Amino acid sequence: MNNIPPFDLTRQYKLIGAEIEIATQQILNSGRYIGGNAVKNFEQQFADYIGTPECISCNSGTDALYLALRALNIGASDEVITTTFTFIATAETIAITGAKPVFADIDADTFNIDLDRIEAAITPRTKAIIPVHLFGQPVNMTKLMAIAKKHNLFVIEDVAQATGAEWEGEKLGSIGDIGCFSFYPTKNLGACGDGGAITTKDLTIAKKIRMMANHGMSDRYQYEITGVNSRLDALQAAILQIKLSRLDRWNQQRTEVADRYQNLLAPITEIKLPQAIFGGKSVWNQYTIRIKETGKQTETYRDKVRQELKQIGVNCMVYYPMPLHLQPVYRDLGYPKGQLPVSEQVAREVLSLPMFPEIYFEEQEQVAYSIKHSLVNA
Ligand SMILES: *Cc1c(COP(=O)(O)O)cnc(C)c1O
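Residues numbered from 1 in each chain as written. Predicted model: local features only at pLDDT ≥ 70, side-chain atom pairs only at ≥ 80, totals over all residues. Heavy atoms only, no water.

**Observations concerning the overall build of the chain**
We count it as follows: Put simply, DSSP marks the helices as runs of H or I at least four residues long and the strands as runs of E at least two long, and each gets a number from the N terminus on. We take the radius of gyration over the C-alpha atoms and set the globule estimate at 2.2 Å times the residue count to the 0.38 power. Only protein chains enter the accessibility calculation, which uses a 1.4 Å probe. A residue is then buried if its area is under 20% of the maximum for its type, exposed if over 50%, and partly exposed in between. Contact criterion: two residues are considered in contact whenever any of their non-hydrogen atoms come within 4.5 Å of each other. Every accessible area reported is derived by Shrake-Rupley at a probe size of 1.4 Å, with residue values counting cover from the shown protein chains alone.
When helices and strands are tallied, the chain shows 11 helices and 15 strands. Here the C-alpha atoms of the chain give a radius of gyration of 21 Å, agreeing with the 21 Å that 2.2 N^0.38 yields for 378 residues. A buried classification covers 54% of the 378 residues belonging to the chain. For the chain, restricting intrachain contacts to residue pairs at least 6 apart in sequence, the fraction spanning at least 24 positions comes to 70%. Total accessible area computed for the chain in this model is approximately 16800 Å², and 50% of it derives from carbon and sulfur atoms.

Okay, structure coming up:
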């Protein structure tokens, strides 16, 4: 039996390593390590790919979210609504601006924000909504944009896990006011280090973000607003250009991997498989199943199954073990346990299976077989 990792970046590097080494050698020889043509070209290619006139690259997905919020003048005494079931960066950046994160519960089938619960969370202080396209699966953007329009709210899409995914034929990150992307190595479009980008149709917002990401500088050594240092470096930009040209193929492979899991796992009734939302195209950053809790099983059943799987070489991840409204850092926001019950239940049940474009069919068979075995033994 092989040891199957949750993801393996070396298989992809073997395919494109030679090309990356030539491109990075060129950058190293050029002496231009920050900015320059590699960054400019990548921004243009990424904007074209997403379908927005503007793309501003930055240091990370976290910075992209922070810069987006700041560009919309969101800060102290404002509220921003987002999902409680996401990576910490989504809420953390809201808090860093001085605004208050307001958490909404999720839909158990899609793992995304429950659109029917957004309006109840809106107050006179609400300025924006951050939908997160979790695990690569799109939020229903038609419905979300209608809610935002009705209440005059900005929409910042957190596309960190869904680069290339679509809603009704449009790329995510081109529908809301601003799209925020992460190029963390395990994302669908991953750099060999940190990186991020912001997309927008609004030229004024784009100009402001570009200024803010470069210390708030308008002209050489003239500073208009308080900014930060957040740049994508030239080496990462060169690598990302090579990878962007393969992204659609890799996303297609992920879809095939998901389809195969769907077939292999369908007979196992003790687990719930992820559902693809109608109207959207998921890019399967994660393939996340739910180990159903039954009366007899305790809160730790999923963890026992995960432990069993690990022992026989199948390494799974738990994204995420605790929804954000219950995290110690947000205790002051005053969400009691049980307030957002769907996310709390889902957090106890989720298990993300090994998922990357280059996984072998035999490995997927081993995963399926091992799950059957582990459900009995746990
Ligand atoms: C990865 C991720 C981020 C942050 O991206 P970094 O590049 O790691 O800063 C934000 N939101 C979500 C949903 C993510 O998965």
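What follows picks up the thread again.
**Some remarks on the nonpolar core**
Put simply, the test is: We call a set of buried Ala, Val, Leu, Ile, Met, Phe, Trp, Tyr and Cys residues a nonpolar core when their side-chain atoms join them within 4.5 Å. Segmentation of the chain into domains, including their bounds, is taken from an automatic or database domain assignment.
Phe 42, Phe 46 and Phe 183 are the most contacted members of the largest nonpolar core, which has 56 residues in total. Counting only elements with at least two residues in this core, the list comes to helix 1 (9-30), helix 2 (37-50), strand 3 (100-104), helix 5 (141-150), helix 7 (234-244) and helix 8 (247-265). Shared between two domains, this core takes at least three residues from each, and those domains are domain 1 (9-104 + 111-244) and domain 2 (247-377). In this structure, Phe 135, Ala 347, Leu 351 and Leu 375 belong to the second largest nonpolar core, which totals 38 residues.

**Some words on the site of the ligand**
Our working rule: Throughout, the term near means that a residue has one or more heavy atoms lying within 4 Å of the molecule or strand in question. Each polar contact in these results corresponds to two N or O atoms within 3.5 Å; when the atoms are within protein, one needs to be able to donate a hydrogen and the other to accept it, and residues that are neighboring in sequence are counted only if both atoms are side-chain atoms. Each residue receives one of three labels: charged for Asp, Glu, Lys and Arg, nonpolar for Ala, Val, Leu, Ile, Met, Phe, Trp, Tyr, Cys and Pro, and polar for the others, Gly being one of them.
Residues in contact with the ligand amount to 15 residues; listed here are only the nearest, Gly 61, Thr 62, Gln 161, Ser 182 and Lys 187. A distance of 2.7 Å separates an oxygen atom of the ligand from a polar atom in the side chain of Ser 182. Interatomic distance of 2.8 Å between a side-chain N/O atom of Lys 187 and an oxygen atom of the ligand. Looking at the shell around the ligand, the elements that each hand over two or more residues are helix 3 (61-71) and helix 4 (88-96). Of the residues contributing to the shell around the ligand, the split by class is five nonpolar, eight polar and two charged.

**Re the domain arrangement of the chain**
Note the threshold: Buried surface area refers to the total accessible area, computed with a probe of radius 1.4 Å, that the two partners give up upon joining, counted for both partners together. By definition, a salt bridge exists where a carboxyl oxygen of Asp or Glu is found within 4 Å of a side-chain nitrogen of Lys or Arg.
Looking at the assigned domains, one finds that the chain contains domain 1 (9-104 + 111-244) and domain 2 (247-377). A C-alpha centroid distance of 25 Å is found between domain 1 and domain 2. At the interface, 39 residues of domain 1 touch 39 residues of domain 2. Surface buried jointly by domain 1 and domain 2 totals about 3300 Å² across both partners, of which 61% is contributed by carbon and sulfur atoms. Area buried by domain 1 at its contact with domain 2 is led by Arg 11, Phe 135 and Asn 188, which between them contribute 23% of it. Counting the contacts that link domain 1 with domain 2 gives two salt bridges. The closest approach of N and O atoms between Lys 281 and Glu 166, which form a salt bridge, is 3.9 Å. Summed over the shared surface of domain 1 and domain 2, the result is 24 residue pairs in polar contact (both at pLDDT 80 or more). Counting residues per element, the side of domain 1 that touches domain 2 draws most heavily on strand 3, at five residues.

**Observations regarding the sheet that holds strand 14 (residues 287-291)**
Worth spelling out the cut-off: One bridge is not enough; two strands pair if DSSP finds at least two bridges between them. Only C-alpha atoms enter the line fits that serve as axes; for helices the fit covers just the stretch in contact. Angles between N-to-C directions range over 0 to 180 degrees.
In spatial order, the strands read 12-14-15; together these three strands make up an open sheet with antiparallel pairing. Two strands in the sheet have a free side with no partner beyond their single neighbour: strand 12 (271-272) and strand 15 (350-353). The pairing of strand 12 with strand 14 spans two bridges and is antiparallel. Note on strand 14: the bridge partner recorded for Ile 271 is Ile 291. Together, strand 12, strand 14 and strand 15 form the strand contacts of helix 8, whose direction differs from that of strand 14 by roughly 25 degrees. Contacts from helix 9 (residues 301-311) reach strand 14 and strand 15 within the one sheet, and its direction differs from that of strand 15 by about 25 degrees.

**Considerations on the environment of Ile 118**
Relative to the helices and strands, Ile 118 is located in the loop between strand 3 and strand 4 (126-130). For the pair formed by Ile 118 and Ala 148, sequence separation is 30 residues and the distance between their alpha carbons is 9.5 Å. In contact with Ile 118, other than residues within four places in its own chain, are Ile 81, Ile 113, Ile 129, Leu 144 and Ile 147.

**A word on the packing of helix 2 against helix 7**
Put simply, the test is: Note on convention: the crossing is left-handed when the near helix lies turned anticlockwise from the far helix by less than a right angle, right-handed when the turn is clockwise.
Two elements in contact, helix 2 and helix 7, have axes whose closest approach is 8 Å; the angle formed by their N-to-C orientations is 35 degrees. Relative to helix 7, helix 2 is oriented so that their crossing is left-handed. Here helix 2 contributes Ala 38, Val 39, Asn 41, Phe 42, Gln 45, Phe 46 and Tyr 49 to the contact with helix 7, which in turn contributes Ala 234, Ala 237, Ala 238, Leu 240, Gln 241 and Leu 244. Classifying every residue of the contact of helix 2 with helix 7 by side-chain character gives 10 nonpolar, three polar and no charged.

**A few points about helix 1**
Heads up, the condition is: Expected helix span is given by 1.5 Å per residue-to-residue step, counting one fewer step than there are residues. Bend is the name given here to the angle between axes fitted to two runs of seven residues, the run ending at a residue and the run starting at it.
With 22 residues, helix 1 should reach 32 Å at 1.5 Å per residue; the first-to-last C-alpha distance of 27 Å falls well below that figure. When the local axis directions of helix 1 are compared, the greatest deviation, roughly 65 degrees, occurs at Ile 16. Buried within helix 1 are the following residues: Arg 11, Gln 12, Ile 16, Gly 17, Ile 20, Ala 23, Thr 24 and Ile 27. Among the residues trailing helix 1, Gly 31 stands out with phi positive, at a value near 75 degrees.

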